[in-house]
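For reference, the chains in residue letters:
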Amino acid sequence: MNVQLFALAIVDGVSYAALVFLVAVGLTLIFGVLRVLNVAHGSFYAIGAYTTASVGGAIFAAGFSPWLAFPLMIVAAVLVGTLIGGPIEKFLLSRIYHLEDVLQILVTFAVFLILEDFQRLVWGVQPLFEATALNQLGTVTVFGITYTAYQLIFLPVVAVLVLVGLRLGLRRTLTGRLITAVTEDREAAITIGIDAEKVYLITFIVGASLAALGGALASATTSVVPGMGADMIVLSFAVVATAGLGQIEGAAITALMIGLGRSFAVYVWPEMQVLVPYLIMFGVLLVRPQGLFGGIEARKI
């Protein structure tokens, strides 16, 4: 592999890892607090992408500033997390926390199937593509290769900001401390007056919004099509399992590992690109069944 292809593989891997991390960190945050492995998480990613692409296409066709593409992504992510994720936690998941893990997974899988049909009902099956945000940032030349600044700079920066924001938010803010308290010992937290149900709702909305943000950002780089949520949730499960359930920083590192592994496979051995992330997961879990950063006895966020 020459220098240009090597650089291209790294850039592709990092930009893809940034999107995977946003979805995976939302998934691991929800599990770390609620102890529910949410199969429907990938649907928030897909709906975030659909919402951004469809609304963006409409407002830009109406003549609004193309720079609105960036705040639109945030607004779409928050709306999806609040208007779809919030009711799902409040009226469904809150009723199944006491059930066995297998039953929880079956319930969230049923929600995933419903949301998949919802996407087809609202947006149909034709691909959507809205690249205004990508075009606004122009291109950057790296080792003689022209690459979009959106993927080279913007996506990794957003991922880093989310990682730092989550960590500081959990450690330095009152809400973060309440979340940590409920995670560590729910019964003790309730005893001292913490509203655990409210903490669960806030956590789920944040996690769902992060997945939707990943979809919103991805909508500028790829066609939005039915089934994209299923592909992303499977890959996110691989990231979370490799890192260890409930590990935020670990999710960032393993997302980068899997993103780079997949990217290099595309250029070196294309037939293996789909399999490489799961080979990485398989290799890690053979050595450390609890994940690279997971603990056997306790999980923390």
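You'll find the structure just up there.
None of these values were measured; they are calculated from a predicted model.

Parameters and conventions
- Residues numbered from 1 in each chain as written.
- Predicted model: local features only at pLDDT ≥ 70, side-chain atom pairs only at ≥ 80, totals over all residues.
- Heavy atoms only, no water.
- Salt bridge = Lys/Arg side-chain N within 4 Å of Asp/Glu carboxyl O.
- Helix = DSSP H or I, 4+ residues; strand = E, 2+ residues; numbered from the N terminus.
- Buried < 20%, exposed > 50% of the residue type's maximum accessible area, 1.4 Å probe, protein only.
- Contact = heavy atoms within 4.5 Å.

A.B. asks: What exactly am I supposed to notice about the pattern of salt bridges here?
C.D. replies: Going through the model one piece at a time under the given rule, you end up with 2 salt bridges. Note that glutamate 116 and arginine 120 form a salt bridge whose closest N and O atoms lie 3.7 Å from each other. Of this pair, glutamate 116 and arginine 120 both sit in helix H4 (residues 101-123), 4 residues apart, roughly one helical turn. Glutamate 116 sits in the buried class, given a relative accessible area of 8%. Since its relative accessible area comes to 37%, arginine 120 is described here as partly exposed. Across the pair arginine 167 and glutamate 249 runs a salt bridge whose closest N-O atoms are separated by 2.6 Å. Residue arginine 167 is found in helix H6 (residues 149-172), and its partner glutamate 249 is found in helix H11 (residues 248-268); the two are separated by 82 residues along the sequence. By relative accessible area, which is 13% here, arginine 167 ends up buried.

A.B. asks: Would you mind going over unusual backbone geometry with me for this structure?
C.D. replies: What is expected of a backbone is that most residues other than glycine have negative phi and most peptide bonds are trans. In this structure, arginine 35 takes a positive phi of about 60° despite not being glycine. With respect to the helices and strands, the residue arginine 35 is situated in the loop between helix H1 (3-34) and helix H2 (41-61).

A.B. asks: Even after reading the chapter, I still don't get the environment of isoleucine 280, so can you show me in this structure?
C.D. replies: For isoleucine 280, the location among the structural elements is in helix H12 (residues 276-287). Each C-alpha atom of the pair isoleucine 280 and phenylalanine 21 lies 16 Å from the other, and the pair is 259 residues apart in sequence. Beyond its immediate chain neighbours, meaning those up to four positions away, isoleucine 280 contacts Met257, Ile258 and Gly261.

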